[in-house]
Amino acid sequence: MARSSRAGGGPAARSAQRAVDLALAELQRRFGLGRSLAAPGWVRERVLAVLSAVAARHGVSPLAAAERLRDDREAIEEIVSALRVGETRFYRDPIIWEAISASVLPRLPPDLPIAGLSAGCSTGEEAYTLAMVLASAGRRFSVLGVDRAAPAIEAAREGVYSAEAVDQLPPSFVQRYCEEKGGALHVGQQLREVVSFEVCDLVHAVPSGGFQIIFFKNVLLYLAEPAGDAVARRLAAELGPGGLLFSAASEAPRLCGAGLTPVKVNAHVTAFRAPGA
Ligand SMILES: C[S@@+](CC[C@H](N)C(=O)[O-])C[C@H]1O[C@@H](n2cnc3c(N)ncnc32)[C@H](O)[C@@H]1O
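Conventions we followed
Residues numbered from 1 in each chain as written. Predicted model: local features only at pLDDT ≥ 70, side-chain atom pairs only at ≥ 80, totals over all residues. Heavy atoms only, no water. Phe/Tyr/Trp six-rings, centres within 6.5 Å; stacked < 30°, edge-to-face > 60°. Helix = DSSP H or I, 4+ residues; strand = E, 2+ residues; numbered from the N terminus. Buried < 20%, exposed > 50% of the residue type's maximum accessible area, 1.4 Å probe, protein only. Arc of directions from axis to C-beta. Contact = heavy atoms within 4.5 Å. Near = heavy atom within 4 Å. Polar contact = N/O pair within 3.5 Å; in protein donor to acceptor, adjacent residues only side chain to side chain. Areas by Shrake-Rupley, 256 points an atom, 1.4 Å probe, with all protein chains shown as cover. Domains from an automatic or database assignment. Salt bridge = Lys/Arg side-chain N within 4 Å of Asp/Glu carboxyl O.

By convention here, two paired aromatic rings are described through the distance between centres and the angle between planes. All told, the structure shown has eight aromatic pairs when counted by the stated rule. For the pair Phe90 and Tyr161, a centre-to-centre distance of 4.8 Å together with 85° between the ring planes defines the contact as edge-to-face. Highlighted residues: Phe90 in the loop between α6 (73-84) and α7 (94-104) and Tyr161 in strand β3 (residues 160-162), separated in sequence by 71 residues. What makes Phe90 buried here is its relative accessible area of 1%. Through pairs of rings, three or more aromatic residues link up here, namely Tyr91, Trp97, Phe173, Tyr177, Phe215 and Phe246.

In structure tokens:
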């Protein structure tokens, strides 16, 4: 259904979609990325935007630009960096946050300080959401967010967001943990003191730390299979006793394939542990 609707339109639209298909096939050939990238609409839009820019530079159509991607390393790199731009939201996938509050935290010893990690944190929304969930459960905690993109980490450290960014957050979290200043929302000092951010390329190193909760969510998409699987295993090895790694539901098959052990948190949410843990 989704495929036929995007394939609709005139010859120009069909040619543009064919160009995107070719680019995704090239990403698959080079990095093992294309298959996992095929579904989300925002990925197709970004790939098409880059192809159109490349096409304009070379005075050709986006389809012709896609057909020569095999020999155009610069264009491939442009596409990859456009896709690395981090799409994220506060309280993304509410069922995961609800499962953490209702089923994960009550099973951890009440006096245990919780160490949380948002691996591939983009501009910080996931790390701050985790901090809000932990603070509202009355836990002592610290949260670290890491990302390879330095500008994203800079924005995360600032902790300033548009009013729309918190659309999905429970209103009580906004009231308790954010301050409105000049039309923007600032994450409050109480959380900023316990949430830190660092630039880190997970392919080269993962933070060490006996974490109780790791978010490694919507990042595998950007990593070729062997590298991504190795990152997942290294992150899982940094979980402390009873710790869990959370991903997007669509990433679960890949994490199982990487050897992580699935753990059913409730009827709707599955998290992961290190193999054999
Ligand atoms: C789509 S965002 C996901 C943000 C957040 N985890 C979420 O689910 O809302 C993906 C992030 O992963 C980051 N990323 C991609 N490859 C990475 C790597 N090798 N090391 C660290 N971060 C990486 C990107 O820079 C981007 O900010």
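Within helix α9 (residues 150-158), the full set of buried residues consists of Ala152, Ile153 and Ala156. Buried residues in α9, looked at end-on, bunch into an arc of 100°, giving them a common side. Every exposed residue of α9 that faces more than 90 degrees away from the buried side is listed here: Pro151, Glu154 and Glu158. Structurally, α9 contributes buried residues whose contacts are with α8 (125-136), β2 (141-147), β3 and β6 (195-199). Within two residues after α9, Gly159 carries a phi angle of roughly 65°, on the positive side.

Here the focus is the site of the ligand. The ligand sits among 19 residues. The nearest are Thr88, Arg92, Asp147, Asp201 and Asn218. One of the side-chain N or O atoms of Thr88 is found 2.6 Å from an oxygen atom in the ligand. Note that an oxygen atom of the ligand is positioned 2.7 Å from one of the side-chain N or O atoms of Arg92. When the free accessible area of the ligand is taken as 610 Å², the share hidden by the protein chains comes to 99%.

Quick look at the domain arrangement of the chain now. Accessible area lost on assembly of the parts is the figure often given for the size of an interface. Domain parsing of the chain yields domain 1 (2-84) and domain 2 (94-273). Computed from C-alpha coordinates alone, the two centres of domain 1 and domain 2 are separated by 30 Å.

Let us look at the pattern of salt bridges. As enumerated under the stated definition, the model contains nine salt bridges in all. Among the salt bridges present, the one from Arg30 reaches Glu26, with a minimum N-O distance of 2.9 Å. Placement of the pair is Arg30 and Glu26 together in helix α2 (residues 11-31), with a separation of four residues, close to one helical turn. Under the relative-accessibility criterion, Arg30 is labelled partly exposed at 28%. Among the salt bridges present, the one from Asp229 reaches Arg254, with a minimum N-O distance of 3.4 Å. Highlighted residues: Asp229 in helix α12 (residues 225-237) and Arg254 in helix α13 (residues 252-257), separated in sequence by 25 residues.

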